[in-house]
Amino acid sequence: MTQSHRLASGGRIDRSKAVRFTFDGHSFDGFAGDTLASALLAHGVHLMGRSFKYHRPRGPIAAGSEEPNALIQLDDGNGRTDPNTRATVIELFAGLRAESQNRWPSLERDVGVINDLFSPMFPAAFYYKTFMWPKSWWESVYEPFIRAAAGLGHAPTMADPDRYAHRHAHCDLLVVGAGPAGLAAALAAGRKGGRVILVDENNALGGSLLNDADGPLEAWLAEVSSELAGLDHVTVLTRTTLTAYYDHNYLTALERITDHTGLVDGKSPRQRLWRIRAGRVVLATGAIERTLVFAGNDRPGVMLASAARTYLHRYAVLVGRTPLIFTNNDSAYRAALDMRAAGTSIAAIVDIRSNPQGALIDAARGDGIRIHTGSVVVGTDGRHRVHQASIARIGADGRLSETLGRPLACDCVLMSGGWNPNVSLFSQGRGRLRFDDALAAFVPDRAMQAVECAGACAGTMTTAGALSEGAEAGGGGIDLPAVEDIVEGPLQPVWAVPSDRTGSRPKAFVDFQNDVTAKDLGIAVREGMVSIEHVKRFTTTGMATDQGKTSNVNALAIVAGQLDAAIPAVGTTTFRPPYTPQTFGAIVGSGRGRLFDPVRKTPMHGWAEANGAVFEDVGNWKRARYFPRPGEDMHGAVQRECMQVRETCGLMDASTLGKIDIQGKDAREFLNRVYTNAWMKLAPGKCRYGLMLRDDGFVFDDGVTACIADDHFHMTTTTGGAPRVLAWLEDLSQTEWPDLEVYFTSVTEQWATMTISGPNAREVLAPLVSEDISTDALPHMAWMEATVAGVKGRIFRISFTGEVSFEVNVPAGYGQSVWEAIVERGKVRELCVYGTETMHVLRAEKGYIIVGQETDGTATPFDLGMDWIVSAKKPDFIGKRGLERPDLKAADRKQLVGLLTKDPDMVLEEGAQVTASDRITIPMPMIGHVTSSYMSSNCGRSIALAMVRGGHALNGRTLHVPQLDGSVVDVTVTGTVFFDIEGARIHG
Amino acid sequence: MLLIECPFCGPRAETEFHCGGQAHIVRPSNDVDDTAWESYLFIRNNPKGIHAERWVHNHGCGRWFNALRDTVSDRFLAIYAMGEKPPAIDGLEDGNDKR
Amino acid sequence: MQRYSIVSIARNALTGHRNWQRAWRSPEPKPSYDAVIIGGGGHGLGTAYYLAKEHGLTNIAVLEKGWLGGGNTGRNTTIIRSNYLYDESAALYDHAVKLWEGLSQELNYNTMYSPRGVMMLAHNVHDVQVFKRHIYANRLNGVDNEWLTPEQAKAYCPPLDIRRDARYPVMGAALQRRGGTARHDAVAWGYARGADALGVDIIQNCEVTGIRRDGDKVIGVETMRGYIQAPKVGVVAAGNTTVVMDMAGVRMPLESYPLQALVSEPVKPVFPCVVMSNTVHAYISQSDKGELVIGAGTDQFTSYSQRGGFHIIEHTLEAILELFPVFSRMRMLRQWGGIVDVTPDRSPILAKTPVRGLYVNCGWGTGGFKATPGSAHTFAHTIARDEPHPINAPFTLERFRTGRLIDEAAAAAVAH
């Protein structure tokens, strides 16, 4: 195909680089510098999509990111697929594959258009009023149908091959928008030496200058661009959309790095999300032209007048050969003049105003362009492209008077409903807006952060004004090019143009993408939706992917008209981030997989991995759960490990336990306040188990703390609880008891910790230790400095298995070598390495609790049968008063008990509920739940721990555990210790 | 994301901090009644306006400090040390917004 | 009330949709009502509806400071489920689910309750234990909840990544098939229309500025539009509850936090259910319109600004991509925030207060939408009878004094 609508010269495209691409499978050519939209328009193709609800044929109405209609699915076939991409911002590259959306079987012949025929049945919010009968059909018929009809493009189904990056930046001044105002601001600030970041969503600097630049401005643009590029402290980012303006001048900007190249080198990230903390922000975001709301305003070929100028000036593309201009202001005359100068034949200018005056009008008249003043377009015709428009005169009362005899032939309608300062970011940054009657638009009013608006964003619609405001905002002191703006006359808003066409067919669209018509807004108001937020939600106007950039003010004004209220009284619409849709990938950046959340590994992790460990996640830690031998499942491995620990000995990596080094003259007093038991007399060399409560009296954490010296302690915590325990201790020390001199240091990762446990433990360990570790020298609950396998460390004689146990701590870097020495030495004594699962079984055999498994944040020490650890003598400790609350002393609290199933081979599931009766009725009263449950080879049967209401008084009673299959298992309540009940082994 | 002026380190991103909730809560003695204890544990000022609260620079110096923040604008009005009384701000008494 | 149906749409189509009636009136406040509800969200409007419908109290008003459903009702991610652990919670939320099931027909307004299943993912041994505990308890409470293997979870939700070597591998899931979503605006509007038809005055743009007491009982409310006498006042003001209750001199165990959510651009159906992961903090479904609806977490500080930090959004999307890497190229269309009122045990307060005639319904935290009909229904009972319905009886203010908390969060979130 030839580029029938491309001018022979002009534009900012690179004609030396032809680019081939496909659209819906057809091959086209364009030039480097084109967008997909401009390249298709160069071929005379306007039809690029179908609307959401009625499947109306649509072409682009805009040339930038505000485009609602021309949404495209890009797909390179290798996982790079992007639904809902605006054709107007897709930069062309060789091999680009674009598909239209929301049509079947093809864009030209879309059967979905039947919705348009039945559109009287689909008024705004029709779905709230129907699909309720028969009831079951909502789920089975109606909703699936609605869902299939909704949506636009298709979500990716393959992994994203691209990667994304983040950049954190700080600057004195962030300038958003590189039009005349933004450039002047950046230049002024840049020359003063401040750190400046200038971002613009386009691929080139210039903004409106790219359309309007004459000689001197063009030269200025070139000079400024090169000067800014040469300033080290100025960062200029093109193809970068300032997406969001958050609090405390924190903003995000999305830089597109490879999207426009089609090249995939595997090195460059696809996009980079900048997170910018700015001292000050200048918003020079320009203005966005409004559509006019008239019957048939959505036909392909109908577009914004400014868009036609952009296609002409930047891409040398004529959007039509017989344009008809429809406007309520002067700016569209520029489009008429430019199109005329480019050789098209202007069908007419239809101006709502009865007596427009000024230089632009004179110029149009001078060019011989026919101007219908006091007139409006009341309808358009054409199937996939407008080919004529009907004109009527409109009176001062807003009513149509006479219709122009015959529709005017045209192949495009260039409309202008005035301009909205692009205040989206200002509003996102909490700035307050006010309605400006002269512009008939919202303009910035009061800033709530360090931000200024300049140029059209501030409602200043001249280039000279933009330059000077920008320079001022940037700190002033620069020379500006002399610009003489043509003075424009006032606009005359007509928010909803009446139509003389009857019936429901002629539709005047407000929100193009979501197919919201002026009539829909009327229905919303009629039904009592008086807030603009209600109208938006009821009709979905402004909720599409363009977020109503061209339509929101129209909607607001039409609703205000219906309510006979002033526009500001109806409310301003809320601008929500992001400014344009932003990829999840870019937001996440490199925070994927292992970098999503760091993995913590112990010093012996490598050994465990090499020896076949199966790991589990505990907090951020990877812990070896069990060490299966070939052919062994978890059950087999755990049974073997459990038996062996109690028969010979076992070795476990306990490095993940939280370890806090506590020092200071008041360290002991501090411990005495945070633990429930007594700490004043614990001698150096000794260890003690402690339970920590929260102020509410519930168990918070537990662990053994050793007294290193009178003013020095080594505290251990649970693995998952370590960070919150440390934070809690710091909080108390700094804010509650600042008078106590005590210091905390996390040493979790400084020590490698290995527990060797079992009857042979001492025999295995002793030869490796330089010191005497006999029971006399190192009794249960004592610790000593020791040299293990040549490494200086500490040995704690503490046990979580009920066997003789030594917890060897050595500096982390030596962990694996000491571990290997113990393993080597252990071979003669049948030492087995075991994991957390075996540790869980062994401690359950002894009735030792695990905080977080037996407890769930609502258990007291008394519930756990641990009355012995709560000092009755201490005047205070954290949790003491909390325990006194009535419900914490109630008789029917859940209490920790043991459960034995009648069938010794039956292992209950953890989480199963306990009932008093075996007759199941729903709802069934539950009196407790199983917290821990294992097959215990050492006991020769299954064992379980449970929290049961009033359980301490139920010893020996039969209770019941209903199963998910409806059966019921009988259990007997027992004590919580199942093995070595007298506790002799631990001291051996 | 807020920018918080750590009195020890200077301005830092909010992600380096943890908010510890309402400031100036006095831990009562053990002999208070259940209502007073409930109040200590659970009842908080939740003003729509200026709020005195505690922050800790936990991914920095690890130090706690107090701040006055407007819960409508989320602007910080003052940063002051633990143990200090809130500075005088128009419309503010004892850390409670009376405006 | 004008009945809605396909027939009424057809009839109105013939007249160009010019004859639709107002869904609710816009009355001037009267000087006195039998009861006043402060807060025109789903819970408040529903309360008024049930007060009128089931308790015959029709001389009542709902006072809304902004527009109906403009608070958390219109800002949440619309997840509905009842698979809570404790008997008290399960009863309350399941009461709501039962009402959801017939709500469209009850209100003659399509609330689009869609039981597409809520799947909660387990990522570690602790999660498995916790979810199993929920399943056992739920079954005995008559609440459906079942365990799925990773493969079954993937079959139920095909975009789910169940690779074993993922940073947070999926070890299984708890599925409540009756869980799902509903259309948030429709709930507010449906209740408003229903209440209005029964005579309830719904008064928007009417901020309450004071609560008048006579000794220990309430006698009326001051508003921007004048004083309104009422012997019974129900406060259903979500994030603004403490502001209102302070006016009555009642201090509440509540703090208000920003909670954010976001949607993607709309795409064709790709996500069949609701997936939640508490461990990585991800909550996602796809709306009827095609947007992926994603819930984020709360910010760490209290705020009334209805906006939160971007790092919260970032973390949420990290979690989403961890579970659903195929969504990496999807785009965030819109993000927003609400204000959630959170109690110390994360369970609501639906109760009488120390002030006679003053009732409070608050503390729903991040999960109030799902409870809307159940909350409204039992709260109406509480106001009308001056005593709680058995279902909301445990959700008292006193529990914070006695310690009888209903701590779902502690039961689920403690890791070891």
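Only a predicted model underlies this, so the values are computations on that prediction, with no experimental measurement involved. (Residues numbered from 1 in each chain as written. Chains lettered and ligands numbered in written order. Predicted model: local features only at pLDDT ≥ 70, side-chain atom pairs only at ≥ 80, totals over all residues. Heavy atoms only, no water.)

### Concerning the overall build of chain A
A count of helical and extended segments in chain A gives 23 helices and 49 strands. Whereas a compact globule of 988 residues would reach a radius of gyration of roughly 30 Å, chain A reaches 38 Å, over 25% beyond that. Sorting the 988 residues of chain A into buried and exposed places 63% on the buried side. Counting every atom, chain A has about 35,100 Å² of accessible surface; 52% of that belongs to carbon and sulfur. Measuring between centres, the 100 positive side-chain charges of chain A sit 3 Å from its 113 negative side-chain charges. (Helix = DSSP H or I, 4+ residues; strand = E, 2+ residues; numbered from the N terminus. Rg over C-alpha atoms; globule rule 2.2 N^0.38 Å. Buried < 20%, exposed > 50% of the residue type's maximum accessible area, 1.4 Å probe, protein only. Areas by Shrake-Rupley, 256 points an atom, 1.4 Å probe, with all protein chains shown as cover. Lys, Arg positive; Asp, Glu negative; His and termini not counted. Charge placed at Lys NZ, Arg CZ, Asp CG, Glu CD.)

### A look at the domain arrangement of chain A
Each assigned domain of chain A is listed here: domain 1 (14-116), domain 2 (162-289 + 418-483), domain 3 (291-417), domain 4 (658-746), domain 5 (751-834) and domain 6 (843-867 + 888-987). If you average the C-alpha positions of domain 2 of chain A and of domain 5 of chain A, the two centres end up 66 Å apart. (Domains from an automatic or database assignment.)

### Notes on the side chain of Q513(A)
Locating Q513(A) in the fold gives a position in the loop between strand 28 (509-511) and strand 29 (516-517). Not counting residues within four places of it along the chain, the set of residues in contact with Q513(A) comprises S51(A), F52(A), R58(A), P68(A), N69(A), L71(A), L152(A), A544(A), T545(A) and D546(A). (Contact = heavy atoms within 4.5 Å.)

### Remarks on the side chain of T463(A)
Tracing the backbone through its elements, the reader meets T463(A) in helix 11 (residues 463-473). Leave out the neighbours within four places in its chain, and T463(A) touches P180(A), L209(A), L217(A), V483(A) and D485(A).

### Side note on a nonpolar patch on the surface
Together, I114(A), L117(A) and F118(A) line one region of the surface with nonpolar side chains, adding up to about 310 Å² of accessible area. For F118(A), a relative accessible area of 48% puts it in the partly exposed group. (Patch = residues over 30% accessible without salt bridge, like charges linked within 9 Å, V, L, I, M, F, W, Y side chains within 5 Å. Salt bridge = Lys/Arg side-chain N within 4 Å of Asp/Glu carboxyl O.)

### With respect to the pairing of strand 46 (residues 928-936) of chain A
Residues and elements named next belong to chain A. Most of strand 46 is tucked away: 9 of the 9 residues are buried. For strand 45 (residues 913-914) and strand 46, the ladder comprises 2 bridges, and the chain directions are antiparallel. When the sheet's bridge partners are listed, V914 is paired in strand 46 with G928. A loop of 4 residues connects strand 46 with strand 47 (residues 941-949), the two strands running antiparallel in sequence, and G940 in this loop sits at a positive phi of about 75 degrees. (Pairing = 2+ DSSP bridges.)

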